[in-house]
Every structure is written in C-alpha cells, then in structure tokens.
Amino acid sequence: MHILLVASAFNSLTQRVHAELRDHGHSLMVRLAHDEASIRDAVTRCAPDLVLAPMLKRAIPRDVWTAHTCLVVHPGPVGDRGPSSLDWAIHRNETRWGVTVLQADAEMDAGDVWASAACTVPPVGKSDLYRNEVSDAAVAAVLTAVERFASGTYAPRPQSGAGADGTARTRPYFAQELRRIDWAADSTETVVRKLRAADSRPGVLDELLGGEWFLHGGHPEDELTGRPGELLATRNGAVCRATADGAVWIPEMRARRTPGGPATVKLPAVLALGTRPGLLPALPALPALREHPAPVDDSARHGRTWADIRYREEGRAGFLSFSFPGGAMSTSHCRRLLDAYRAACSRPTSVLVLGGSRDFFSNGIHLNVIEAAEDPGAESWANINAMDDLVEAVLTTTDRMVVAAVGGNAAAGGVMLALAADEVWCRSGAVLNPHYRLMGLYGSEYWTYSLPRRVGPAAAERLTREALPVSAAAGQRLGLVDRTLACPPEDFPGEVRRLATRLAASPATQARIAAKKGERERQEADRPLAAHREEELARMHRTFFDPDAPYHALRRAFVRKEPPDGTPPHIGETVPGRRGSVLSRGDRPPAIK
C-alpha cells in the first residue's frame, strides 16, 4: 500500500513506524503537519491508500477524515483520551498500559478502534517508556491495523463503554501545578515519580538559586541526606538534592525561558547552573558542592544510588554498561567511558560487552553542551576527538571479543561506536540512523572504515545519503547487526548476559580472539586507521570552524527545538518498501569473520 505518515515531528515513534512499514513492503511518504492546510496539501499531493498519524498534536481536518481513512496512534489503552496519557500513567503508578490505533473523528481520541496492544509500565522515565514498551505496543497495533485495513473486510469497533473500568475517560492536560515538588513533604519515591513523568518534556518547573528551572530526570539516592530541598553533592554533571526522607539525583536542567527571550537549552545540571551570562539570565553562582563519585564496579557499590557507567563480571565475560541522557555523549562522557573501557580491558575476560542498557545506546556528540559552550566550534572539535579516541580503543582491542549490545536507538557516531565492536547485538525494537548529513556533517568515528567494511561501499554511500531510519531487522539483513534479540526492553540486559557468558565459555571464542590480531594487522597494512581519522577530521575541522557552515544553524535549531519550515526532502519523497530500497539483500557483503 501507499501510506502517508502525518506527524508533528519525525520523532522516535514516527521513525520506528516508518522503518517497520518499509520493512513490510509498503511505500511511504511523510509530511510534518504544522496546520490544517499542510495536512490537506499532503493528502492531495500523496493520494494515499491510507493516512496514518503516529504522533500528531493537532486534529486532522474534518474534510480529510471524511474522505480518507485516517488512523491515529494514541499512547493509551482503549477508552483513554487526552494529551497527557503517559504522564498520567506514571503519576498514577500504573503497571499496565497500552496503545490504541483509532480512526480520526470529530472528537479527539474517540474514534472507532482498529487495533490495540497492551504493555507494561516499568519504573523508568516517560521518554524511556515511550521509546520502548510503548513503541513496541504501537508497532504491534499499527501493523495489525494496517493489515486489517488492507483486507477490506474488517469493521472497526466503537469505543463506547470500552474504558478499563467500563467507561471512556478523558484526562486533562498534565499541567505544572500537578507536577510541582514539595521538597519539605514529598518522599524520594514521590519526587522520582514526578521527575520521571516529565523527564524529556516538559520537565518539572522548580525554583533554585534564585531562578526558575525545569528539572529533567531523577534517580533515587539512599545514603546522602540533608535539609529538604538542599543541594548536597554533584556527580558527573548531576546534582543531588535532599527530599523529605532521602535524596534524588537530577541529571539535567533547563532555565525557564524569559518572555521574549531565546529558547533555553537542556544541559547537565551542574553546567546549566553555572552557565555563563548571556545564554541564560544572570543568577547566583552555584555553591561549592563536593563531588560524590560512585564506583564504576558494581561489586563495590553499596545501597541505592545512580551511576551512568557501570561494570560487572560473570565468569569470563565483562559488562561495561552506560546510560547518558538522550544518548548524547559530551567530551566528558567520552573520556570517562574511555577510562572505564581501558580499566575493563585490564580484567581477565575473553568477552567484553559494551552497552547492554535498555534504552539509548548512543547518539554521538553532545550538541546541547556544544551549543552552550563559549566557543561551539572548539567544543565540537574536542567532543569529536574524544569520541574518536573511544572508538579507536574499541577498534584496536585484539585480546578479547568485544560485543556492542544496542538495547535502544542509536544514531550517527553512536552507530559507528557500535560498529567498532566485533559483534553488534541489537534489541528488535531499536532504530538505527547511520548517517550525519542532516546535521550538516561529514562524520568521523572511523565510519569510512567501519561502515563500508560491514555493508559494502554502495550500501554505505546510500545509507549516509538517504539518511533514513533502519529497523533492527533491516540492519541485520544489511549487515549492520549480527544478532537481533526479540525480547521486551526489561529483558534485554538479562538476555545479553546469558548470551555473553555462553560466548565467553565457548572454545571457538578463543580461536576467534587468536585470529583478531592478524586480521587487524592486515587491515592496518591495507590502510591505517590513522588515515581514516585524518581524512574525516580534516573535513570536520573545516565545518566546525567555518561560522557560515550549515552545521551551526542546524545544531542551533535542533537543540532549541525550532520546528522546520516544512517537511525535510529526505522524508518527504515517496520511500519504497524493502525490494526497492537500500535494504536489498543483494547489497550485503560477505559476513565479517
């Protein structure tokens, strides 16, 4: 079928739906809908068999949904209605939730149901839940709904009396008044739940150091205590703040926008609180706080505390996991992870797993931190070099097998970090974006070595030129992924541990390790890694230090969430299904041994 995807943004769910429908052979066109006229124009130009809205913040016009079947994805169970479905689910401590695909109608979220799917609600942030459990349920429901529509025989069922308690329920917008934290009275559990329900957007509005801030994300701490509301310590850019019965770690903050002022940027909390005048309103300086590090080694960790890098061992397998907000890796993140990687390589293991958390693997360099820097070009340069150092360490590890465990989405340099490993294991729900050009960049992280080596030069060129999302299954067909794990997000770390310990115990693994050094030497003789890095960085340097390069405007628009003027051409054109796309099996090179 020819399907038109209408969305407010080409966000994670829209990308996954796009990739999955493409895998199923449908031709697709995407239109970003900023108003009713843009929706009408898209339908006229596309002449679709079906209109599908994976993430749409405005109503589809009556004249469109009366003339075409328009299906809307709602992130709530049948009967749930309103714009803040997931916020309410987390606020109410729901353990089961769902996604409904319904037909557009006069009343928002009240149309007939084409399909629905249930999902669990683990104790994670809203954005993590949305990208994982909700995304899995949404794809299942969308594929069912599309199949039912294509059959021409299915009659969608009305919603009347279909809520969880027998009635439909419209929940109001989850306003800041409901999110506000009472530091003197709220327990750690309550504070964490409020923070998690707003971790990406909109954040929890709060007052601190004489200013107003949106707090993003929260993790419990049960050792540090203090006067409720007091800042207690810092850790790797996060701040620890006392609650009524303990404390929480807050990784990121964003200053409230002043009337008429520029959009503010979400940053690591310590950096946000100490940002220079000019970018944010002048505020009192961040008081001197002690850095309270957490041990990377899980066996040395006591109590319940937050750490963004962890290491553990099981038999001959080592597991170096990391989880950075939004998948972005600043210069500091890269350097700390490199230190942890080198320490892990000093351990007597035969398999080292890099990653393995349930959400983002990596999205490459930290554009928000770069935007906030005094010299964004210089910070871009420092960040890309730190990322390259990390990738080089992985590429040149020859005394053990390295596995990249990609539990969630990865993009740009994050994909190339994964490809530096000997094997890439990917959860079936992950989406990969192995390209850079949408940010006006050539890219680095040794992609000119790793990507063609895995998928072949022709497919590498098309992947980076087309700049389209790739599903895990398509990634495996193409050669980006060696193993796809079809499991729920919560089960991914355990599945990785099981497979890695089995790999470490296999006699064949030792033979593979013995062959690695010779293979690396042959590759180095063919073309040194340093030559790839030099060529890539020469082009990146010109971009970073050219004030007129598109990268700077694209970066600024991205971090400040400025909507594009229209639909970007790379997603606005008709995209064929698998047979006519970059994902053809014929492009896949021989498997890497």
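The structure displayed is predicted, hence computed values, not measured ones.

Scoring rules and cut-offs
Residues numbered from 1 in each chain as written. Predicted model: local features only at pLDDT ≥ 70, side-chain atom pairs only at ≥ 80, totals over all residues. Heavy atoms only, no water. Helix = DSSP H or I, 4+ residues; strand = E, 2+ residues; numbered from the N terminus. Polar contact = N/O pair within 3.5 Å; in protein donor to acceptor, adjacent residues only side chain to side chain. Contact = heavy atoms within 4.5 Å. Buried < 20%, exposed > 50% of the residue type's maximum accessible area, 1.4 Å probe, protein only. Phe/Tyr/Trp six-rings, centres within 6.5 Å; stacked < 30°, edge-to-face > 60°. 1 Å grid on protein atoms, 1.4 Å probe; cavity = no way out; pocket = protein on both sides within 12 Å on 5 of 7 lines; lining within 4 Å. Points joined across faces, edges and corners; volume = space filled by probe spheres on them. Nonpolar A, V, L, I, M, F, W, Y, C, P; charged D, E, K, R; others polar. Pairing = 2+ DSSP bridges. Axes fitted to C-alpha atoms, helices over the stretch in contact; angles between N-to-C directions. Arc of directions from axis to C-beta. Core = buried A, V, L, I, M, F, W, Y, C linked by side-chain atoms within 4.5 Å.

Draft legend 1. Examining the side chain of glutamine 159 more closely. Note on placement: glutamine 159 falls in the loop between helix 5 (126–151) and strand 8 (169–170). Polar side-chain contacts of glutamine 159 include one of 2.8 Å to the backbone oxygen of aspartate 109. In terms of polar contacts, glutamine 159 uses its side chain to reach the backbone carbonyl oxygen of glycine 111, at 2.8 Å. Not counting residues within four places of it along the chain, the set of residues in contact with glutamine 159 comprises Val78, Gly79, Arg81, Leu102, Asp109, Ala110, Gly111 and Val113.

Draft legend 2. A look at unusual backbone geometry. Geometrically, the link from arginine 201 to proline 202 is a cis peptide bond, its omega value of 5° lying close to zero. With respect to the element layout, proline 202 can be found in the loop between helix 7 (188–196) and strand 9 (204–208). Phi is positive for leucine 209, close to 55°, though the residue is something other than glycine. The residue leucine 209 is located in the loop between strand 9 and strand 10 (211–216) in this model. Its relative accessible area of 24% is what places leucine 209 among the partly exposed residues. At alanine 467, a position not held by glycine, the phi torsion is positive, near 55°. Relative to the assigned elements, alanine 467 resides in the loop between helix 14 (457–466) and strand 24 (470–471).

Draft legend 3. Layout of the packing of aromatic side chains. Under the criterion given, the structure shown has nine aromatic pairs. Between phenylalanine 544 and tyrosine 551, the ring centres sit 5.3 Å apart and the planes meet at 55°, which makes this aromatic pair tilted. Here phenylalanine 544 and tyrosine 551 have matching classes, each one buried. Following the ring pairs from residue to residue traces out a cluster consisting of Trp114, Phe149 and Tyr154.

Draft legend 4. Main features of empty space enclosed by the protein. Tallied over the full model, the rule gives five cavities of 30 Å³ or more. Its volume calculated, the largest cavity comes out at about 80 Å³. If you go around the largest cavity, the residues you meet are Asn236, Gly237, Ala238, Pro251, Glu252, Pro268, Trp306, Asp308, Pro325, His333 and His366. Here the residues of the lining of the largest cavity sort into five nonpolar, four polar and two charged.

Draft legend 5. The arrangement of the sheet that holds strand 14 (residues 247–250) in detail. In spatial order, the strands read 11-14-13-12; together these four strands make up an open sheet with antiparallel pairing. Every other strand in the sheet has two partners, leaving strand 11 (219–221) and strand 12 (231–235) as the edge strands with one partner each. Geometrically, the sheet is characterised by an average inter-axis angle of 30° between neighbouring strands, direction not taken into account. Bridge count between strand 11 and strand 14: three bridges; the pairing is antiparallel. Bridge pairing links proline 220 to valine 248 in strand 14. On the sheet, helix 7 packs against strand 11 and strand 14 and is oriented at approximately 20° with respect to strand 14.

Draft legend 6. Spotlight on helix 2 (residues 36–46). All buried positions along helix 2 are accounted for by Ser38, Ile39, Ala42, Val43 and Cys46. Buried positions in helix 2, seen along its axis, are confined to an arc of 135° and lie on one side of it. For helix 2, the exposed residues lying more than 90 degrees away from the buried face are Thr44 and Arg45. In this structure, the buried residues of helix 2 make contact with strand 1 (2–7), strand 2 (27–32), strand 3 (50–53) and helix 3 (62–65).

Draft legend 7. Structural view of the nonpolar core. One finds Met253, Leu320, Tyr341, Leu417, Leu451 and Leu480 to be the most contacted residues of the largest nonpolar core, which totals 89 residues. By residue number, the principal contributor to this core is helix 11 (residues 376–395), which donates eight residues. Look past the residues within four positions of leucine 480 in its chain and what remains in contact with it is Leu419, Val424, Leu432, Pro434, Leu451, Arg454, Val455, Leu463, Val470 and Gly475. Grouped together as the second largest cluster of nonpolar side chains are 40 residues, Leu5, Leu86, Ala117 and Val142 included.

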